[in-house]
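Topology and contacts: notes
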Amino acid sequence: MFKSDESLGGGQYVYNNLKMAVMVLGMLPVLIIYPFVQRHFVSGLMLGGVKG
């Protein structure tokens, strides 16, 4: 564990497992949604790259 800086609430202790859980929960929506909208991202990049 490490001691957080004073700007986050007075030097509370934050555990590594809690940090990892929050990071995984934050990444889950992106990892779940991206495969379904990937074709829209690719088509948008292709349209932007075509001169005409």
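Residues numbered from 1 in each chain as written. Predicted model: local features only at pLDDT ≥ 70, side-chain atom pairs only at ≥ 80, totals over all residues. Heavy atoms only, no water.

1. Notes on the overall build of the protein
When helices and strands are tallied, the protein shows 1 helix and 2 strands. Starting at the N terminus, the α and β elements of the protein follow one another as β-β-α. When burial is assessed residue by residue, the protein has 4% of its 52 residues classed as buried. Of the roughly 4,900 Å² of accessible surface on the protein, 71% is carried by carbon and sulfur atoms. (Helix = DSSP H or I, 4+ residues; strand = E, 2+ residues; numbered from the N terminus. Buried < 20%, exposed > 50% of the residue type's maximum accessible area, 1.4 Å probe, protein only. Areas by Shrake-Rupley, 256 points an atom, 1.4 Å probe, with all protein chains shown as cover.)

2. Thoughts on a nonpolar patch on the surface
A cluster of nonpolar side chains, Val24, Leu25, Leu28, Ile32, Ile33 and Phe36, forms an exposed patch at the surface whose accessible area comes to about 620 Å². Tracing the backbone through its elements, the reader meets Leu28 in helix α1 (residues 16-49). (Patch = residues over 30% accessible without salt bridge, like charges linked within 9 Å, V, L, I, M, F, W, Y side chains within 5 Å. Salt bridge = Lys/Arg side-chain N within 4 Å of Asp/Glu carboxyl O.)

3. Side note on the packing of aromatic side chains
Taken as a whole, this structure holds 1 aromatic pair when the rule is applied. When the ring of Tyr34 is compared with that of Phe41, the centres are 5.8 Å apart and the planes differ by 20 degrees; the resulting orientation is stacked. Under the relative-accessibility criterion, Tyr34 is labelled partly exposed at 40%. (Phe/Tyr/Trp six-rings, centres within 6.5 Å; stacked < 30°, edge-to-face > 60°.)

4. Comments concerning the confidence of the model for the protein
Atomic detail in the predicted coordinates should be set aside for any region of low pLDDT. The share of residues in the protein with pLDDT of 70 or more is 65%, and the mean pLDDT across the chain is 77. At the low end of the mean pLDDT range in the protein sits strand β1 (residues 2-3), at 56; at the high end sits α1, at 86. (pLDDT = per-residue confidence, 0-100.)

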